[in-house]
Amino acid sequence: MKLWLLLPCVVASVSISKSRRFDKEKVFHVKPDDEKEVNFIKHLDETMKLDFWKPQSAHHITPKSSVYFHTNAEHSETIVDLLNRKGIQYKVIIHNLQEAIDNQFRKQGKYQKGMPRYRQWKEIAMWAYSISIKYPNLASLVTIGNTVEGHPMHVLKIGNPKSGKKAVFLECGIHAREWISPAFCQWFVNEAIHTYGKDKSMTKLLDNLIFHVLPVFNIDGYIFTWTSDRLWRKNRATTPNEHCFGIDLNRNFNASWTDDGFYGDPCFEIYSGTGPESAPETKAVTGHIRDHLSIMKAYISFHAFGQLLMYPHGYTKELVPDHEELNKIAKSALDSLNSLYNTTYKYGPIATTIYKAYGASLDWTYDVGIKYSYVFELRDDGEYGFLLPEHDIEPTCRETMLAVKQITSYLIDLDT
């Protein structure tokens, strides 16, 4: 490991230097009653190019579904007027997007020692390196590849190395703007390291499992959300369209991969690339998984937002052979999660719980033999969306930790 790759200057400021601002831009929540209202929202997208937060494109909108979209300041008042004229029920959940972005952070100097916060990539890289140095008996750092822009991708292996025969992969930050996801991976590692030998359940997990933790999958995109565009989703790859950048890494896996429709348009948020594993970030993760496939028993991906726990498949509505077992574990995990703050989650297969999606990491891992493949959509349920304030990091991570413990403790007693 070359120290110079990891040793950045830690950034003290919690503000974001932005070339793009979102002053007076709005985020709407609409729940279309019927196909007529669905088609009207799609028409708005065609004429005004809406930025969909949930679902990820107009293509996935269905009657009775919750739709969240962001519009620029110029179009916001027009959309309000049109929705009112059509009698479509809506709510403006964010009236000034720039203000909501600024409000993610506590005021500088108000941090309490030990309280979690959102960290830039340089800080996360330094943190990962320091964990491996301070706790060599429980942690090691491996480089699995490099991003489009040349940043090394690191996986932290956490666990008692004498246990060794079963592994769990935790995937965080595949979509750049979902900051609560990398925050959870950092929380998990810190909690595991500091409670080993003190907390019985965590000690048992680390004595029986090795956790492969990828703190940030989409490093280039994550950096871009801090420097240029807070709402960036994809990686930063060039595409066949010189005016549009980025591949959706969660559509780039070889699991019913497709380039039809929106998936094949480089200007769309769900652009799937020129082929499966065409992004170096995807290839790095799949290579690491293949190298450890014989011991990899679970793969857990963390996204935001929506408060969901899902399992395969995303590319078909047909139930997987392990549906009943996966569903039972999901329910048990969410019972644990709910016990702390009474947070409500929904659960089920991806395709029927939200919508069909192709080329996703979770479907690929399940199809190559990792039965216990799950994806969390973390807090919240729409009030803040991708802009979950820092004061919500701790409760989100605490309750999610209970669910992850529940899922992974199930693996300990498996015969293989």
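Rules behind the numbers
Residues numbered from 1 in each chain as written. Predicted model: local features only at pLDDT ≥ 70, side-chain atom pairs only at ≥ 80, totals over all residues. Heavy atoms only, no water. UniProt positions renumbered as here; feature names shortened; annotations may be inferred. Helix = DSSP H or I, 4+ residues; strand = E, 2+ residues; numbered from the N terminus. Rg over C-alpha atoms; globule rule 2.2 N^0.38 Å. Buried < 20%, exposed > 50% of the residue type's maximum accessible area, 1.4 Å probe, protein only. Contact = heavy atoms within 4.5 Å. Lys, Arg positive; Asp, Glu negative; His and termini not counted. Charge placed at Lys NZ, Arg CZ, Asp CG, Glu CD. Phe/Tyr/Trp six-rings, centres within 6.5 Å; stacked < 30°, edge-to-face > 60°. Lys NZ or Arg CZ within 6 Å of the ring centre and 35° of its normal. Pairing = 2+ DSSP bridges. Axes fitted to C-alpha atoms, helices over the stretch in contact; angles between N-to-C directions. 1 Å grid on protein atoms, 1.4 Å probe; cavity = no way out; pocket = protein on both sides within 12 Å on 5 of 7 lines; lining within 4 Å. Points joined across faces, edges and corners; volume = space filled by probe spheres on them. Nonpolar A, V, L, I, M, F, W, Y, C, P; charged D, E, K, R; others polar.

An unreviewed UniProt entry lists the protein under the name Peptidase M14 domain-containing protein, with Staurois parvus as the source organism. As stated in UniProt under Cofactor (unreviewed entry), the record for the protein gives "Zn(2+)".

Draft legend 1. Main features of the overall build of the protein. When you go through the protein residue by residue, the secondary structure sums to 12 helices and 12 strands. Against the compact-globule benchmark of 22 Å for 416 residues, the protein has a radius of gyration of 21 Å, which places it among compact chains. The dimensions of the protein, computed from C-alpha atoms along their principal axes, are 65 × 50 × 45 Å. Expressed as a percentage of its 416 residues, the buried residues of the protein come to 59%. Put simply, 77% of the contacts in the protein that link residues at least 6 apart link residues at least 24 apart. Counting 48 positive and 49 negative side-chain charges, the protein places the averaged centre of each group 6 Å from the other.

Draft legend 2. Representation of the packing of aromatic side chains within the structure. Enumeration over the complete set of coordinates arrives at 23 aromatic pairs. Centroid distance F302 to F376: 5.4 Å. Interplanar angle 10°. Geometry classified as stacked. With a gap of 74 residues between them, F302 in strand 9 (residues 296-304) and F376 in strand 12 (residues 372-378) connect regions that are remote in the sequence. We note that F302, like F376, is buried. Over the ring of W179 we find R230; its NZ or CZ atom is 3.7 Å from the centre of that ring. Over the ring of W232 we find R236; its NZ or CZ atom is 4.6 Å from the centre of that ring.

Draft legend 3. Broad picture of the sheet that holds strand 4 (residues 90-94). Spatially, 4 strands are ordered 2-3-1-4 in an open sheet, and the strand pairing comes out antiparallel. Because the sheet does not close on itself, it has two edges, and the strands there are strand 2 (51-54) and strand 4. Pairwise comparison of adjacent strand axes, ignoring direction, gives a mean angle of 30° for this sheet. By the bridge criterion, 5 bridges tie strand 1 (residues 26-30) to strand 3 (residues 67-71) in an arrangement that is antiparallel. Looking at the pairing, V30 lines up with V67 of strand 3.

Draft legend 4. Fine view of the layout of surface pockets. Taken as a whole, the largest pocket encloses approximately 740 Å³ of empty space. Along the wall of the largest pocket there are 32 residues; nearest its centre are K49, L50, D51, C267 and E269. Residue assignment for the lining of the largest pocket shows that the elements contributing at least two residues are helix 1 (35-48), strand 2 and strand 3. Broken down by element, the residue count for the lining of the largest pocket peaks at 4 residues, all from helix 1. Residues belonging to the lining of the largest pocket are distributed by class as follows: 12 nonpolar, 8 polar and 12 charged. Quantified by volume, the second largest pocket comes out at close to 590 Å³. Only strand 2 and strand 9 provide two or more residues apiece to the lining of the second largest pocket. Looking at side-chain class alone, the lining of the second largest pocket contains 10 nonpolar, 11 polar and 8 charged residues.

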